[in-house]
Amino acid sequence: CGFSNAVVQILRMHGVDDYKYHNVLDDQHIRQGIKSYSDWPTIPQVYMNGEFVGGCDILLQMHREGDLIEKLNEIGIRSALLDKDDNEVTN
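All figures in this text were calculated on a predicted structure; none of them were measured in a lab. (Residues numbered from 1 in each chain as written. Predicted model: local features only at pLDDT ≥ 70, side-chain atom pairs only at ≥ 80, totals over all residues. Heavy atoms only, no water.)

1. A closer look at the packing of helix 3 (residues 56-65) against helix 4 (residues 67-74)
Just so we agree on the cut-off: Fitting a line to C-alpha atoms yields each axis, with helices limited to the stretch in contact; the angle taken between N-to-C directions then spans 0 to 180 degrees. Going along the chain from the N terminus, every DSSP run of H or I of four or more residues is numbered as a helix, and every run of E of two or more is numbered as a strand. Roughly parallel means an angle under 35 degrees; roughly antiparallel means over 145; roughly perpendicular covers 65 to 115; every other angle is labelled oblique. In what follows, a contact means two residues having at least one pair of non-hydrogen atoms within 4.5 Å.
Where helix 3 meets helix 4, the axes come as close as 5 Å, and the angle between the chain directions of the two elements is 100°. Between helix 3 and helix 4, the angle is such that the two are roughly perpendicular. Packed against helix 3, whose contacting residues are Leu59, Met62, His63 and Glu65, the element helix 4 presents Asp67, Leu68 and Lys71 at the interface.

Rendered as structure tokens:
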């Protein structure tokens, strides 16, 4: 799914490569269950430390506005984009 790929690319930009995923598209029952569980109508759904964060559109918005760096920091992950910014300042 293109939206799932976009989420993975956003996470990779931040240096996040330790994540779990489940292909809910293979099972209609699970797919509908996850939508009901989160009360969110679209797939993919991103959870961090068990907390629902949002879908692809929300993650993209958080990335663009810098909120994703803060969210990752809250769960103990330093965004690789901060390191990139530090390198640009010192060079």
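2. As for the side chain of Lys71
With respect to the helices and strands, Lys71 occurs in helix 4. With near-sequence residues (within four places) excluded, Lys71 lies in contact with Met48, Glu51, Val53 and Met62.

3. So, the nonpolar core
The condition is simple: To form a nonpolar core, buried Ala, Val, Leu, Ile, Met, Phe, Trp, Tyr and Cys residues must be joined to one another through side-chain atoms within 4.5 Å. For each residue, the accessible area found with a 1.4 Å probe, counting protein chains only, is set against the maximum for its type, and the residue is called buried under 20%, exposed over 50%, and partly exposed in between.
Val7, Ile10, Leu11, Val16, Val46, Met48, Val53, Cys56, Leu59, Met62, Leu68 and Leu72 form the largest nonpolar core, which has 12 residues in total. For this core, the elements supplying multiple residues, two or more each, are helix 1 (2-13), strand 1 (46-48), helix 3 and helix 4. Ignoring sequence-local partners within four residues, the contact set of Met62 consists of Val53, Asp67, Leu68 and Lys71.

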